[in-house]
Amino acid sequence: MAPRVGVVVFPGSNCEHDVVQVVRSLGAGAELVWHHQGSLGGVDAVVLPGGFAHGDYLRPGAIARFAPVMEAVARFAAEGGPVVGICNGFQVLTEAGLLPGALQKNRGLRFVCATIDVEVATDRSVLTAGVTPGTRLRLPVNHFEGNYTCDARTLAELRDEDRIVLRYVDNPNGSVDDIAGVCNAGRNVVGLMPHPERACDPLLGSADGKVLLDALLGADVTH
Amino acid sequence: MSDLSTFTALVEVQLRPGITDPAGATIERALPALGVQTVRGLHAGKAFRFEVEADDHASAVAEAELVADRLLANPVLEEWTVTVTGPVDEERARSAGSMGGMD
């Protein structure tokens, strides 16, 4: 049976329908999961989409992480379920403590809206399984707080454990070690600033995002 | 029946040393336009003011520190200080007392 992907909607999310549309075009099921829900309804994978959850008040993701659905997401992640946070979703995952580090304001206080190149740094994550490391993908970025930061010990851990998932070829925001995406120790929770769901049709300038979402849909869902 | 008192908390949140503060740097760069050449080391931060119902001052501080550490600041990027004053009622009483003295 085709996997079902739950796409979480916070007040202020604005990329949820892009994710749903792309997941369906790739042959899987997709449904919206409201932030007040305490259950994920038995989905096989979860995406936290981009946007401005709770208006990004206080800090991006700072309020969203207290949503009832996040307890369900944390349980799902602890059981090994695939969870991907895109852009604002990445910020929510770091605030929730499901991924290490934090995303601070871009270097130079510059909002970045561009299509950029990233390099797949590892194939050992639910988003990059089967994608050869070194593969370059052209993906849009669209953020103000995308400057990935962590302490030196965390960075050493991420490197030693091969948990840096994507790196920018030409760093647009000042992220430490050119990090565009990381995963947790279990490799089933991934956060990334670029938007693969906006790069799944040549009409949109790139279809490179498909390999990542295909990998997610093919991820082992027998957790 | 509750014996709780009301305290006032001020939480100040600043970026940790070493974390780039582009807002602070940008504000500092604007100062020469104002004719101010003497200001250095300007840092932008956030301040939060709220009331806490608590048994005593120590409990109010503990509660405000929890709020600061778990919600108002992200410990990866930021550090915080908490200042708790009160109880408000005692201050009101003192203030009322002094006003009474003016009659």
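Shown above is the structure to which this text applies.
A brief report on the enclosed structure follows. (Residues numbered from 1 in each chain as written. Chains lettered and ligands numbered in written order. Predicted model: local features only at pLDDT ≥ 70, side-chain atom pairs only at ≥ 80, totals over all residues. Heavy atoms only, no water.)

A word on the packing of aromatic side chains
All names here are of chain A. One pass over the full model with this rule turns up one aromatic pair over all chains. Here phenylalanine 90 and tyrosine 148 contribute two aromatic rings whose centre-to-centre distance is 6.0 Å and whose plane-to-plane angle is 15 degrees, an arrangement assigned as stacked. With phenylalanine 90 in helix H3 (residues 88-95) and tyrosine 148 in strand E8 (residues 147-149), this pair connects stretches of sequence that are 58 residues apart. Owing to a relative accessible area of 0%, phenylalanine 90 belongs among the buried residues under this scheme. (Phe/Tyr/Trp six-rings, centres within 6.5 Å; stacked < 30°, edge-to-face > 60°. Helix = DSSP H or I, 4+ residues; strand = E, 2+ residues; numbered from the N terminus. Buried < 20%, exposed > 50% of the residue type's maximum accessible area, 1.4 Å probe, protein only.)

Concerning the interface of chain B and chain A
On the chain A side, the residues contacting the 15 residues of chain B number 16 residues. Taken together, both faces of the contact between chain B and chain A bury some 1,100 Å²; the carbon and sulfur share is 62%. Taken as a group, Pro22(B), Leu71(B) and Leu77(B) account for 37% of the area that chain B buries against chain A, more than any other trio of residues on that side. At the junction of chain B with chain A, the criterion picks out one salt bridge. For Arg59(A), the salt bridge is made with Glu78(B), and the minimal N-O distance between the two is 3.8 Å. At the level of elements, helix H1 (22-30), strand E2 (45-54) and helix H2 (57-72) of chain B are the ones that each hand at least two residues to the side of chain B that touches chain A. Per-class residue counts for the side of chain B that touches chain A are nine nonpolar, three polar and three charged. (Contact = heavy atoms within 4.5 Å. Buried area = accessible area lost by both parts, 1.4 Å probe. Salt bridge = Lys/Arg side-chain N within 4 Å of Asp/Glu carboxyl O. Nonpolar A, V, L, I, M, F, W, Y, C, P; charged D, E, K, R; others polar.)

Describing H2(B)
Because the α-helix completes a turn every 3.6 residues, residues three or four places apart line up on one side. All names here are of chain B. Buried within H2 are the following residues: Ala60, Ala64, Ala68 and Leu72. The arc enclosing the buried residues of H2, seen along the axis, measures out at 70 degrees, which places them on a common side. Those residues of H2 hidden inside the fold are in contact with strand E1 (5-15), E2 and strand E3 (78-85). (Arc of directions from axis to C-beta.)

Considering the sheet that holds E1(B)
Sheets are built from strands paired through backbone hydrogen bonds, the pairs being either parallel or antiparallel. All names here are of chain B. Judged by pairing direction, the sheet is antiparallel, and its three strands sit side by side in the order E2-E1-E3 without closing on themselves. Only two strands of the sheet have a single partner each, and these edge strands are E2 and E3. Between one strand axis and the next, the sheet turns through 20 degrees on average, direction left out of account. One ladder, built from 10 bridges, connects E1 with E2; its direction is antiparallel. By the bridge assignment for E2, valine 13 is matched with lysine 46. The sheet strands contacting H2 are E1, E2 and E3, and the helix crosses E3 at an angle near 155 degrees. (Pairing = 2+ DSSP bridges. Axes fitted to C-alpha atoms, helices over the stretch in contact; angles between N-to-C directions.)

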